[in-house]
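Notes for the structure review
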Amino acid sequence: MSDGTALAGPDGVLRCPWALSTPDYVAYHDEEWGRPVHGDDALFERLSLEAFQSGLSWITILRRRPGFRAAFAGFEIAAVAEFADVDRERLLADAGIIRNRAKIDATLANARVLAAWEPGELDRLIWSHAPDPAARPVPRSLADVPAVTAESTALSKALKQRGLRFVGPTTAYALMQACGLVDDHLGTCVARRRP
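Read on for a plain summary of the structure. (Residues numbered from 1 in each chain as written. Predicted model: local features only at pLDDT ≥ 70, side-chain atom pairs only at ≥ 80, totals over all residues. Heavy atoms only, no water.)

Glancing now at the overall build of the protein. Within the protein one finds 9 helices and 2 strands. Helices and strands in the protein line up, N terminus first, as β-β-α-α-α-α-α-α-α-α-α. Over its C-alpha atoms the protein spans a radius of gyration of 17 Å, differing by no more than 12% from the 16 Å that the globule rule assigns to 195 residues. For the protein, the C-alpha atoms occupy an extent of roughly 50 × 35 × 25 Å along the three principal directions. The buried share of the protein, reckoned over its 195 residues, is 46%. The long-range share in the protein, meaning contacts at least 24 apart out of those at least 6 apart in sequence, stands at 66%. For the protein, the exposed area adds up to about 9,500 Å²; of that, 55% sits on carbon and sulfur atoms. Counting 23 positive and 25 negative side-chain charges, the protein places the centres of these two groups 4 Å from one another. (Helix = DSSP H or I, 4+ residues; strand = E, 2+ residues; numbered from the N terminus. Rg over C-alpha atoms; globule rule 2.2 N^0.38 Å. Buried < 20%, exposed > 50% of the residue type's maximum accessible area, 1.4 Å probe, protein only. Contact = heavy atoms within 4.5 Å. Areas by Shrake-Rupley, 256 points an atom, 1.4 Å probe, with all protein chains shown as cover. Lys, Arg positive; Asp, Glu negative; His and termini not counted. Charge placed at Lys NZ, Arg CZ, Asp CG, Glu CD.)

Axis separation between helix α1 (residues 23–31) and helix α3 (residues 58–71) bottoms out at 11 Å; the angle between their running directions is 85 degrees. Classed by the angle they form, the pair α1 and α3 counts as roughly perpendicular. Mapping the contact onto sequence places Asp24, Tyr25 and Tyr28 in α1 and Trp58, Ile59, Leu62 and Arg63 in α3. Class assignment of the residues belonging to the contact of α1 with α3 gives a composition of 5 nonpolar, no polar and 2 charged. (Axes fitted to C-alpha atoms, helices over the stretch in contact; angles between N-to-C directions. Parallel < 35°, antiparallel > 145°, perpendicular 65-115°, else oblique. Nonpolar A, V, L, I, M, F, W, Y, C, P; charged D, E, K, R; others polar.)

Here we come to the packing of aromatic side chains. Following the criterion strictly, the structure yields 10 aromatic pairs and no others. An angle of 40 degrees between the planes, with centres 5.6 Å apart, marks the rings of Tyr28 and Trp58 as tilted. Separated by 30 residues along the polypeptide, Tyr28 in helix α1 and Trp58 in helix α3 bring together distant segments of the chain. Taken individually, Tyr28 and Trp58 each receive the classification buried, so the pair is uniform in this respect. Ring geometry for Phe68 versus Phe72: centroids 6.4 Å apart, planes at 20 degrees, classification stacked. (Phe/Tyr/Trp six-rings, centres within 6.5 Å; stacked < 30°, edge-to-face > 60°.)

Attention now goes to helix α8 (residues 150–161). With 12 residues, α8 ought to run about 16 Å at 1.5 Å a step, and its terminal C-alpha atoms sit 16 Å apart, in line with that. Listed in full, the buried residues belonging to α8 are Ser152, Leu155, Ser156, Ala158 and Leu159. Burial along α8 is one-sided: seen end-on, the buried residues are contained in an arc of 165 degrees. Across from the buried face of α8, at angles greater than 90 degrees, the exposed residues are Ala150, Lys157 and Gln161. (Expected span 1.5 Å × (residues − 1). Arc of directions from axis to C-beta.)

Right, here's the structure in full:
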């Protein structure tokens, strides 16, 4: 049983303990999680997937990501904003994604809201909530990694005020972690950003 500190995987490399349960997680941890993501469509995808993850394990979403991308037109905001009732019904019947009506409706509504924004506006809004890395202690164990922060609460509030749905503070923090606004890789983890 891990005490929440970095563990050596089969290759002997130290990683965050959550990353070692499946090869899918190892690849996601090493290649994506915590690396900066920019671009409105890319951030819309991450925001949507984090919303779909609410109440589920991330591995469920990760393994269905190709299905989500196919179902939601690669998360291109302009395309998803044009989805009609027939597309909504198609999504509700698509076994390749999570068929949660509220989450599907939120994704479609969010795309419509975002389609009216200026190019780069979502990117600027999200990244304006990135905390100063120097002000954050390096986590030594999973116990040092929060689920919500003042910044994620502020980001959630800003997104909701602009009309977005399914963007609570916990979802906002998961987005911040996944998209590199914060580096919550443990201090001894191979993927931890070095100054």
